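# Per-entry structural report
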Amino acid sequence: MAIDNWNASFQAWQRARDVVGGGVASGARLTSKPHPIFMKGGSGSRLVDIEDNSYVDYVLGWGPVIAGHAHPHIVEAVQRQVGLGATYGSGHAYEYLAAEKLLALIPGTEKLLWTSTGSEATQIALRLARAATGRHKVIKFVGNYHGWSDQFLVGYRPDAEGRLDGLGTPGQTPSVLDDVVLVPWGDLDALEQALGGAGSDIAAVFMDAVMSNSGVFTPPDGYFDGVRRLCDEAGAVFVLDEVLTGFRVALGGAAVRFSVDADLIVLAKAIGSGYPVAAVAGRAHLIDQVTRGVMHAGTYNGNPLVLAAVDATLDVLAKPGVYERMDRLSATLAAGVRDAFGAVDIPVTVNQVGALMHCLPGVSGGSRFPDYLASDYGIYDGVAVELLRRGIFVPVGGRLYLSTEHSEADIDETVAAYREALQVVASARA
């Protein structure tokens, strides 16, 4: 039976609004439809809300929960560490044990730095690049997301005037526009022009391994190699942002799946399966600048609780067949969603790379950032609510994430719910 309302969640949200800005801990959740839903727990591929409604979960904490909720091996590792203390302000074995395990899975990485969030990690990578090159400007690609910091929240979404080259939020320092050079995604000629060859004033080129937040687009064949060559010619640091793709699209991330030779790789989210951890991994000579005066700090960096989770998460993900299974289930879901849209004659693009998907309603054959901007998310908002009524929890904006714990039965249930949801939405639009 479909869920009629979420009154308890609405009341909880109203109470939260009295003491928490917007009533949510992260601003993106304010866009949830019909309103933020309050959960009380989860297991495997499912979440349960405060009214005991159960959902197949494709939000997965907005991406991190790669091993599903409360995975027994990860819970055991964290519980074992809880009894020994949360953080020490001193060294502990997990700092190197988890690092050794992580680096061994990503060819070309030699050392890493621990931190707590993806936004922090991208700022660390930028500082390392600037210190190594003595330059200050950074190239980023339109539609790529590298966190909410002043330095990077440029060129991600159009501003109120529809411009993509302005500031991303009120309160952002205008001077950041002097340091950011925006380049179209997938255009090597534009990148070459922006770099300007040898003697460039560009410290680093930052790029998403996959345009994860804006359509799950992959670049053209040979693009990663082209970026590598151009960075070498210009003396710029090549930084690959794998906050979303790292260990979600392959064991070792997109760097392994697409054979990317980057100088620095930014990791977060899935490496800890929901625990707050991030890292910058890469060439030793860049990382070791922290021993020569480059500032890297953070009270919670590499605390034993989260690194116990990282160590255990990597155990789960390294089991044979894990990624092949997630790939297969994700491809089955993507095909089912395409068919469901086709059954009601609504154009759609569904892109899928590993356990990462993006649905672009209203657009056929979407492959570029302008296609993402042209998508009709008014349609998807309605679909998302109808899915929620049927026990399927999806993020706003068309993305879906899968975990190691999703099953064939989950996929079948989800595709059936999409078919019903789209019938309702199509009938309302008729």
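Reference entry: report on the structure contained in this document. It should be emphasised that the depicted structure is a prediction, and the values quoted were computed from it without experimental measurement.

Here the focus is the sheet that holds strand β5 (residues 137-141). Reading across from one edge, β4-β10-β9-β8-β7-β5-β6 is the order of the seven strands in this open sheet, with mixed pairing throughout. The two strands at the open ends of the sheet, each matched to only one other strand, are β4 (111-115) and β6 (180-183). Recorded for the sheet is a direction-independent mean angle of 20° between the axes of neighbouring strands. Where strand β8 (residues 237-242) and strand β9 (residues 264-267) come together, four bridges link them in parallel fashion. The partner of Asp-241 across the bridge, within β9, is Val-266.

By the alternation rule, side chains of strand β2 (residues 46-49) split into Leu-47 and Asp-49, which are all buried, and Arg-46 and Val-48, of which none is buried. Strand direction decides the pairing type here: strand β1 (residues 39-43) and β2, joined by four bridges, are antiparallel. Bridge pairing in β2 links Met-39 to Asp-49. Hairpin connection of β1 to β2: two residues between the antiparallel strands, including Gly-44 at a positive phi of 60°.

In this chain, Lys-33 is followed by Pro-34 through a cis amide linkage whose omega measures 0°. Of note, Pro-34 is situated in the loop between α1 (7-17) and β1. Despite not being glycine, Lys-269 has its phi angle at roughly 45°, a positive value. Within the secondary structure, Lys-269 sits in the loop between β9 and β10 (278-282). With a relative accessible area of 26%, Lys-269 lands in the partly exposed category. A positive phi is found at Ser-273, a non-glycine position, where the angle reads about 45°. The topology assignment puts Ser-273 in the loop between β9 and β10. Its relative accessible area of 7% is what places Ser-273 among the buried residues.

Glancing now at the pattern of salt bridges. Counted by the stated rule, this structure contains 22 salt bridges. Between Arg-46 and Glu-413 there is a salt bridge, with the nearest N and O atoms lying 2.8 Å from each other. You can see Arg-46 sitting in strand β2 and its partner Glu-413 sitting in helix α13 (residues 408-429), a full 367 residues away along the chain. A relative accessible area of 31% places Glu-413 in the partly exposed class. With its nearest N and O atoms 2.9 Å apart, the salt bridge here joins Lys-111 to Asp-288. On the criterion of sequence distance, the pair formed by Lys-111 in strand β4 and Asp-288 in the loop between α8 (284-287) and α9 (304-317) is long-range, its members being 177 residues apart. Each of Asp-4, Glu-386, Arg-389, Arg-390 and Glu-420 takes part in salt bridges that share partners, so that together they form one network.

Further remarks concern the sheet that holds strand β13 (residues 392-393). Reading across the sheet, the four strands line up as β1-β2-β3-β13 and stay open at both edges, with mixed pairing between neighbours. Because the sheet does not close on itself, it has two edges, and the strands there are β1 and β13.

The next thing to look at is the nonpolar core. Counting residues in hydrophobic clusters, the biggest one holds 98 residues, and the most contacted among them are Trp-114, Leu-191, Leu-240 and Tyr-418. Per-element tally for this core: the top contributor is helix α10 (residues 322-343), with nine residues. Discounting chain neighbours no more than four positions away, the residues touching Leu-240 are Met-207, Asp-208, Ala-209, Phe-224, Ala-255, Val-260, Ala-262, Leu-264, Ile-265 and Val-266. Counting residues in each nonpolar core, the second largest holds 25 residues, with Ala-121, Val-180, Phe-206 and Leu-286 among its members.

Moving on, we get to the side chain of Asn-144. In this structure, Asn-144 sits in the loop between β5 and β6. For Asn-144, a relative accessible area of 0% gives the class buried. Setting aside chain neighbours within four positions, we find Asn-144 in contact with Tyr-156, Trp-185, Met-207, Asp-208 and Met-211.

How each quantity is defined
Residues numbered from 1 in each chain as written. Predicted model: local features only at pLDDT ≥ 70, side-chain atom pairs only at ≥ 80, totals over all residues. Heavy atoms only, no water. Pairing = 2+ DSSP bridges. Helix = DSSP H or I, 4+ residues; strand = E, 2+ residues; numbered from the N terminus. Axes fitted to C-alpha atoms, helices over the stretch in contact; angles between N-to-C directions. Buried < 20%, exposed > 50% of the residue type's maximum accessible area, 1.4 Å probe, protein only. Salt bridge = Lys/Arg side-chain N within 4 Å of Asp/Glu carboxyl O. Core = buried A, V, L, I, M, F, W, Y, C linked by side-chain atoms within 4.5 Å. Contact = heavy atoms within 4.5 Å.

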